[in-house]
Amino acid sequence: MIGSQKVIDYLNFLLGGELAARDQYFIHSEMYAEWHYGKLYDRIHHEMEDETLHAQSIIRRILMLSGTPKMTVDEIHIGSTVPEMLQFDLDLEYQVQQHLKEGIALCEAEHDYVTREMLVYQLKDTEEDHAHWLEQQLRLIDMVGLPNYLQSQIAEVAPDIVDGAN
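Residues numbered from 1 in each chain as written. Predicted model: local features only at pLDDT ≥ 70, side-chain atom pairs only at ≥ 80, totals over all residues. Heavy atoms only, no water.

### Quick word on the nonpolar core
Core analysis: the biggest nonpolar cluster contains 23 residues, and Tyr32, Leu40, Val82, Leu86, Leu134 and Tyr149 have the highest contact counts within it. Secondary-structure elements contributing two or more residues to this core are α1 (5–34), α2 (38–64), α3 (82–109), α4 (113–144) and α5 (146–153). Each residue touching Val82, except ones within four places of it in the same chain, is listed here: Tyr32, Trp35, Tyr37, Leu40, Tyr149 and Leu150. (Core = buried A, V, L, I, M, F, W, Y, C linked by side-chain atoms within 4.5 Å. Buried < 20%, exposed > 50% of the residue type's maximum accessible area, 1.4 Å probe, protein only. Helix = DSSP H or I, 4+ residues; strand = E, 2+ residues; numbered from the N terminus. Contact = heavy atoms within 4.5 Å.)

### What to know about α4
Along its 32 residues, α4 runs 45 Å from first to last C-alpha, staying within 8% of the 46 Å computed at 1.5 Å per residue. Within α4, the axis deviates most sharply at Thr126, by approximately 35°. One or two residues past the end of α4 sits Gly145, with phi positive at roughly 90°. (Expected span 1.5 Å × (residues − 1). Bend = angle between axes of the 7 residues up to and from the residue.)

### A look at α5
If you check which residues of α5 are buried, you get Tyr149, Leu150 and Gln153. End-on view of α5: buried residues confined to an arc of 95°, all on one side of the axis. The exposed residues of α5 that point more than 90 degrees off its buried face are Pro147 and Gln151. Buried residues belonging to α5 abut α2, α3 and α4. (Arc of directions from axis to C-beta.)

### Regarding the packing of aromatic side chains
For the structure on display, the rule yields 3 aromatic pairs. The interplanar angle of 70° and the centroid separation of 6.5 Å between the aromatic rings of Tyr32 and Trp35 together place this pair among those described as edge-to-face. Taking the relative accessible area as the measure of exposure, Tyr32 reaches 0% and is therefore buried. Judged by relative accessible area, Trp35 falls into the partly exposed class, the value being 34%. Centroid distance Trp35 to Tyr37: 6.5 Å. Interplanar angle 80°. Geometry classified as edge-to-face. (Phe/Tyr/Trp six-rings, centres within 6.5 Å; stacked < 30°, edge-to-face > 60°.)

### Focus on the confidence of the model for the protein
For the protein, mean pLDDT is 95; residues scoring 70 or higher make up 95% of the total. When the elements of the protein are averaged for pLDDT, helix α6 (residues 159–163) gives the smallest value, 60, and α5 the largest, 98. (pLDDT = per-residue confidence, 0-100.)

### Section: the side chain of Gln24
The topology assignment puts Gln24 in helix α1. Residue classification places Gln24 among the buried residues on the basis of a relative accessible area of 1%. If we skip the residues at most four places from it in the chain, Gln24 touches Ile76, His77, Ile78, Phe88, Asp89 and Leu92.

### Overview of the environment of Met143
Assignment of secondary structure puts Met143 in helix α4. When its relative accessible area of 61% is taken as the criterion, Met143 is described as exposed. On a C-alpha basis, the gap between Met143 and Ala55 in space is 35 Å, while along the polypeptide they are 88 residues apart.

### As for the environment of Arg43
Considering the arrangement of structural elements, one finds Arg43 in helix α2. In this structure the C-alpha to C-alpha distance between Arg43 and Ser29, which are 14 residues apart in sequence, comes to 8.1 Å. With sequence-adjacent residues up to four places away left out, Arg43 is seen in contact with Asp129 and Trp133. Only 2.5 Å separates the side chain of Arg43 from the side chain of Asp129, close enough to count as a polar contact. (Polar contact = N/O pair within 3.5 Å; in protein donor to acceptor, adjacent residues only side chain to side chain.)

### Some words on the packing of α1 against α4
At a minimum axis distance of 13 Å, the contact between α1 and α4 shows a crossing angle of 25°. Here α1 is positioned roughly parallel relative to α4, judged by the angle of their axes. As for the relative orientation of α1 and α4, their crossing is left-handed in sense. Each of Val7, Leu11, Leu14, Glu18 and Tyr25 in α1 lies in contact with α4, whose residues at this interface are Thr115, Met118, Leu119, Gln122, His130 and Leu134. Here the contact of α1 with α4 is built from residues that sort into 7 nonpolar, 3 polar and 1 charged. (Axes fitted to C-alpha atoms, helices over the stretch in contact; angles between N-to-C directions. Parallel < 35°, antiparallel > 145°, perpendicular 65-115°, else oblique. Left-handed = near helix turned anticlockwise from the far one by under 90°. Nonpolar A, V, L, I, M, F, W, Y, C, P; charged D, E, K, R; others polar.)

Structure representation (structure tokens):
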């Protein structure tokens, strides 16, 4: 199936954001594991997996539209403290939200309603799951203070995750 080149180009643009989100979450989750913030590790590792699935969906759609996926990763921002990491992740989610909304509008203009539906699903996940959870964590830090928040995030991380053993 031959798709709109404008849609294919925009999907490649979106792909760069999803790959960046995946990589940023991956690095942050490993930092949380190193610091033994197991609860943060579990959640952010899960977010990395979600971003990987978003990227996979975009890749498959580009291929279906007879395009070639461009695996160029957008810039990532790695924090050095938990609040900074959460804020950088939230900033990235806000950016992805805006880009998804623009992509949805483009798909409507190009009459590609299947791609539009895929982007609507990703927008819902981004707004209702990813961004909302990050907003909640930053609000908790403000409410209970950073030391209390961090104490609540301490949990064991599976040894094979921390040590790299299989």
